[in-house]
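What follows is the residue order along each chain.
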Amino acid sequence: MPAADKSTKKLALSGIFLAVLMLLLYLYTIMPTNKLTLLMFSSFIIGFVLIETDIRYALIFYFSSVILTLILPVDKLSLMLYYSFFGIYGLVKYYIEKVKKRVIEIV
């Protein structure tokens, strides 16, 4: 498969995951219950993007999700938990696991 086809596939897959993430975050803002469950599933999605593509696409995915949630007419204050913890959890975990010292990984 040529390199252009691989990057197109990664971009399309990231776009599909971004649509699912936007649906989960929108449900998070309008549902009165199960809020932490929806945030947990949203942090899984960025992990899926990281596994299926690479770190560069995952970073673009995170920043595009933040920009889209700022554009959408939802409660931005309630999404601060996603911005500060659940959204970047997969990325931080990726970089921590690259460190080969077990003590640093545990801390």
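Preceding this paragraph is the structure being described.
In this numbering scheme, every chain counts its residues from 1 along its sequence in written order. Reporting of local features is limited, given that this is a predicted model, to residues whose pLDDT is at least 70; pairs of side-chain atoms are given and counted only at 80 or more, and all residues count toward the totals for whole chains, interfaces and linings. The side-chain quantities take in all heavy atoms of the structure and omit both hydrogens and water.

Draft legend 1. Quick peek at unusual backbone geometry. A positive phi angle, near 60°, is found at Asn 34, a position not held by glycine. We count a stretch as a helix when DSSP gives it H or I for four or more residues in a row; a strand needs E for two or more, and each element gets its number in order from the N terminus. Following the sequence through the fold, Asn 34 ends up in the loop between helix H1 (3–30) and helix H2 (35–52).

Draft legend 2. Quick look at the pattern of salt bridges. A pairing counts as a salt bridge when a side-chain nitrogen of Lys or Arg comes within 4 Å of a carboxyl oxygen of Asp or Glu. Summed over all chains, the structure comprises 1 salt bridge. Note that Glu 97 is salt-bridged to Lys 93, the shortest N-O span being 2.3 Å. Residue Glu 97 and its partner Lys 93 are both found in helix H5 (residues 89–98); the two are separated by 4 residues, about one turn of the helix. On the accessibility criterion, Lys 93 (36% relative accessible area) is partly exposed. Accessible area is worked out with a 1.4 Å probe on protein chains only. A residue is then buried under 20% of its type maximum, exposed over 50%, and partly exposed in between.

Draft legend 3. Fine view of the layout of surface pockets. Each pocket or cavity is described by its volume, and for the largest pocket that value is around 190 Å³. Detection works on a 1 Å grid of protein atoms alone, calling trapped sets that fit a 1.4 Å probe cavities and calling open sets with protein on both sides within 12 Å along at least five of seven lines pockets, with lining residues defined by an atom within 4 Å of a point. Along the walls of the largest pocket sit Ser 43, Phe 44, Gly 47, Phe 48, Leu 50, Ile 51, Tyr 89, Gly 90, Lys 93, Tyr 94 and Glu 97, which together make up its complete lining. Those elements that provide at least two residues to the lining of the largest pocket are H2 and H5. Put simply, Ala, Val, Leu, Ile, Met, Phe, Trp, Tyr, Cys and Pro go in the nonpolar bin, Asp, Glu, Lys and Arg in the charged bin, and everything else, Gly too, in the polar bin. Split by residue class, the lining of the largest pocket holds 6 nonpolar, 3 polar and 2 charged. Grid points are joined across faces, edges and corners, and a volume is the space filled by probe spheres set on the points.

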